Amino acid sequence: MSGFQYQNGQLYCEGVSVAKLAEQHGTPLWIYSKSALVTRLREIQTAFAEVDPVICYSVKANGNLSILKTMAEAGSSFDVVSGGELFRVKKAGADTSKVVFAGVGKTDDEIRFALECNILKFDVESEAELDAIASVAKSLGVVGRVALRLNPDIDAKTHTKTTTGKKGNKFGMDIERADQLAEKVLKNPNLELSGIHMHLGSPILTTDPYEAAAKKAVEVVKAYRSKGHPIHWINLGGGFGISYRKNEGPAASEYAKVIVPYIKEAGCRLTLEPGRYIVGNSGILVTKVIFKKQEGGKTFVIQDGGMNDLIRPAMYDSFHRLWPVAPSVAMPEDVEGEIAGCEKVDVVGPICESSDYFAKDRYLPPMQRGDLLSIFSAGAYGTAMSSNYNAKPLAAEILCDGANSKVIRRRQTYEELVANELVD
Ligand code: LLP
């Protein structure tokens, strides 16, 4: 929860009162701590400094322009998976020459845009994609730098919906197929094989999958080099876990401990694509209790934020700590299980779906209509996955920096909701 702390019974983001922000800007409201964002990036930069890595913040986790600008100013590059994400990176004023581009379905237009931006490399996921990059590169008279995305068949022991490095996932390719493709690259003057890529899944709460992946990477690099490929880069993707619960996520230095020796052995530069590790605990979602009701032996706290804002609990059954902004009981380190002075409730949203909930059977201090609730660890894959379902406008976003705060996205209006629709 770095960047967020309770002082005199009130939640603060850095030096700014969360209740005041909610009063000023309304709810639901996303609030981020700039110092938390930069601190988390620094942790990774420092942990891997020995191999001078290129850290590519994963735009998909949270692509708000001000967050991207903050990352760029702190020395990060970017991992994108679409032309839209690359557009965001450019719009934030960042250098595109260290951008990496993954994703199984890159269109020719997206490939052209990326080549025009002179990105560092494409993480290629299939033979058809390699052909498409070669053909667009030829039409532009340039060379496309590619890294083959390998499926190392490693079980990262994460949620089935977010695991990517196991055989049978749609991502990457088998090492044997990659070998054949490497030959193809060698023969094509519009392609250069400059690296390999693996992303195992997200979030990964142990370090051994990274060790296994790094070990495989060294073997593959050695084999490709012996065939004449100028391999400079190993990209081990993202997926570093964070503490949604108490003490869950290892520190960046733990991941570095198992990865760095292999990168040194390979004599390669390292790229990493962390998203959640940087932004996950740097942001909260603040909601307001609309009603409370008791039905079927349960107490429901119904608040104004819903699965349209934060879909993670509905989609992955994921756990988020939540606690009042001005609590009558201090927030314990462990919010699971029974807590004295608290009542057992389901925290739900206003959306017409039974899966619209943030917590079930959770102990919270008694809450009343109008009370504010903070949903923690919401910075990653929160706004990024939010929608207008039930015609709910997208919430505003605030970035706090010391005693200052600024709006980094206005709340959407009803007029904006329908602005692109055409009626005869
Ligand atoms: N690189 C690649 C190729 C990825 O596919 C991903 C995430 C990342 C990097 C960044 O992973 P991170 O460091 O943020 O864990 N919506 C899900 C997570 C989906 C992750 C998709 N890929 C969630 O809310 O948990």
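See above for the structure.
Residues numbered from 1 in each chain as written. Predicted model: local features only at pLDDT ≥ 70, side-chain atom pairs only at ≥ 80, totals over all residues. Heavy atoms only, no water.

Enquirer: Give a detailed account of the nonpolar core, specifying residues and quantitative values.
Expert: Core analysis: the biggest nonpolar cluster contains 123 residues, and Ile 31, Phe 48, Phe 122, Leu 148, Tyr 224 and Ile 259 have the highest contact counts within it. Broken down by element, this core gets its largest block of residues, nine residues, from helix H9 (residues 252-266). Setting aside its immediate chain neighbours within four residues, Ile 31 contacts Phe 4, Cys 13, Val 18, Leu 21, Ser 282, Gly 283, Ile 284, Val 286, Ile 398 and Cys 400. (Core = buried A, V, L, I, M, F, W, Y, C linked by side-chain atoms within 4.5 Å. Buried < 20%, exposed > 50% of the residue type's maximum accessible area, 1.4 Å probe, protein only. Helix = DSSP H or I, 4+ residues; strand = E, 2+ residues; numbered from the N terminus. Contact = heavy atoms within 4.5 Å.)

Enquirer: Before we move on, can you summarise the state of the cysteines with the specific residues and values?
Expert: Scanning the entire structure with this criterion turns up zero disulfides. Of all cysteine sulfurs in the structure, the one in Cys 56 sits closest to Cys 117, which takes part in no disulfide; the separation is 14 Å. Considering cysteine sulfurs only, Cys 56 is the nearest to Cys 268, which forms no disulfide, with 15 Å between them. (Disulfide = S-S within 2.5 Å.)

Enquirer: Account for the packing of helix H6 (residues 127-140) against helix H7 (residues 175-187), naming residues and giving values.
Expert: Remark: H6 packs on H7, axes separated minimally by 11 Å, with the N-to-C direction vectors making an angle of 10 degrees. Here H6 lies roughly parallel to H7, going by the angle between them. Along its contact with H6, which presents Glu 127, Leu 130 and Asp 131, the element H7 presents Leu 181, Lys 184 and Val 185. Looking at side-chain class alone, the contact of H6 with H7 contains three nonpolar, no polar and three charged residues. (Axes fitted to C-alpha atoms, helices over the stretch in contact; angles between N-to-C directions. Parallel < 35°, antiparallel > 145°, perpendicular 65-115°, else oblique. Nonpolar A, V, L, I, M, F, W, Y, C, P; charged D, E, K, R; others polar.)

Enquirer: Explain the sheet that holds strand S5 (residues 54-58) to me, using residue names and the numbers behind them.
Expert: Pairing is parallel in the closed barrel, where eight strands are placed in the order S5-S6-S7-S8-S9-S10-S11-S12. Where strand S8 (residues 121-124) lies against strand S9 (residues 144-149), three bridges are found, and the strand directions are parallel. Among the inter-strand pairings, Val 124 is bridged to a residue of S9, identified as Leu 148. (Pairing = 2+ DSSP bridges.)

Enquirer: Describe in detail the sheet that holds strand S3 (residues 16-17), supporting the description with residues and values.
Expert: Hydrogen bonding along the main chain pairs the strands of a sheet, whether they run parallel or antiparallel. Taken together, three strands build an open sheet; the order of strands is S1-S2-S3 and the sheet is antiparallel. Sheet topology places strand S1 (4-7) and S3 at the edges, where each strand pairs with a single neighbour. The sheet contact formed by S1 and strand S2 (residues 10-13) spans four bridges and is antiparallel. Across the sheet, the residue bridging to Gln 5 is Tyr 12, located in S2.

Enquirer: Explain the pairing of strand S4 (residues 29-33) to me, and be specific about the residues and the numbers.
Expert: In terms of burial, S4 is a largely internal element, five of the five residues being buried. Every second residue of S4 is oriented toward a common face, with Leu 29, Ile 31 and Ser 33 on one face and Trp 30 and Tyr 32 on the other, all of them buried. The sheet contact formed by S4 and strand S13 (residues 283-295) spans four bridges and is antiparallel. The residue of S13 that forms the bridge with Ile 31 is Ile 284. Both S4 and strand S19 (residues 396-401) contribute to a ladder of five bridges, which runs parallel. Looking across to S19, one finds that Ile 31 is bridged to Ile 398.

Enquirer: Which residues make up the pairing of strand S10 (residues 191-197), and what values do they have?
Expert: Here S10 lies mainly inside the structure; six of its seven residues are buried. By the bridge criterion, six bridges tie S9 to S10 in an arrangement that is parallel. Bridged to Arg 149 within S10 is His 197. Of the strand pairs in this sheet, S10 and strand S11 (residues 233-235) are connected by three bridges, and their pairing is parallel.

Enquirer: Before we move on, could you go through helix H1 (residues 18-25) and cite the residues and values that matter?
Expert: By the burial criterion, the buried members of H1 are Val 18, Leu 21 and Ala 22. The buried side chains of H1 occupy one side of the element, clustering within an arc of 100 degrees when seen end-on. Residues of H1 that are exposed and angled more than 90 degrees away from the buried face: Lys 20, Glu 23 and Gln 24. A side-chain oxygen of the first residue of H1 lies 3.3 Å from the backbone nitrogen of Ala 19; this N-cap is Ser 17. In the segment just after H1, Gly 26 is the residue with positive phi, at about 80 degrees. (Arc of directions from axis to C-beta. Polar contact = N/O pair within 3.5 Å; in protein donor to acceptor, adjacent residues only side chain to side chain.)

Enquirer: Tell me about the packing of aromatic side chains, residues and numbers included.
Expert: Two descriptors summarise a pair of aromatic rings, namely the distance from one centre to the other and the angle between the planes of the rings. Scanning all chains against the criterion turns up seven aromatic pairs. Taking the centre distance of 5.2 Å and the plane angle of 80 degrees together, the rings of Tyr 210 and Tyr 255 count as edge-to-face. In this pair, Tyr 210 sits in helix H8 (residues 208-226) while Tyr 255 sits in helix H9, placing the two residues 45 residues apart along the sequence. Summarising the burial analysis for this pair, Tyr 210 and Tyr 255 share the class buried. Look at Phe 240 and Tyr 255: their rings are 4.1 Å apart centre to centre, the planes differ by 5 degrees, and that puts the pair in the stacked class. Of this pair, Phe 240 sits in the loop between S11 and H9 while Tyr 255 sits in helix H9, placing them 15 residues apart in sequence. For the pair Phe 240 and Tyr 255, one class covers both residues: buried. Cluster of aromatic residues (ring-pair linked, three or more members): Phe 48, Tyr 210, Phe 240, Tyr 255 and Tyr 277. Its guanidinium or amino end placed over the ring of Phe 101, Lys 106 lies 5.4 Å from that ring's centre, counting from NZ or CZ. Lying across the ring of Tyr 357, Lys 360 places its NZ or CZ 4.2 Å from the centre. (Phe/Tyr/Trp six-rings, centres within 6.5 Å; stacked < 30°, edge-to-face > 60°. Lys NZ or Arg CZ within 6 Å of the ring centre and 35° of its normal.)

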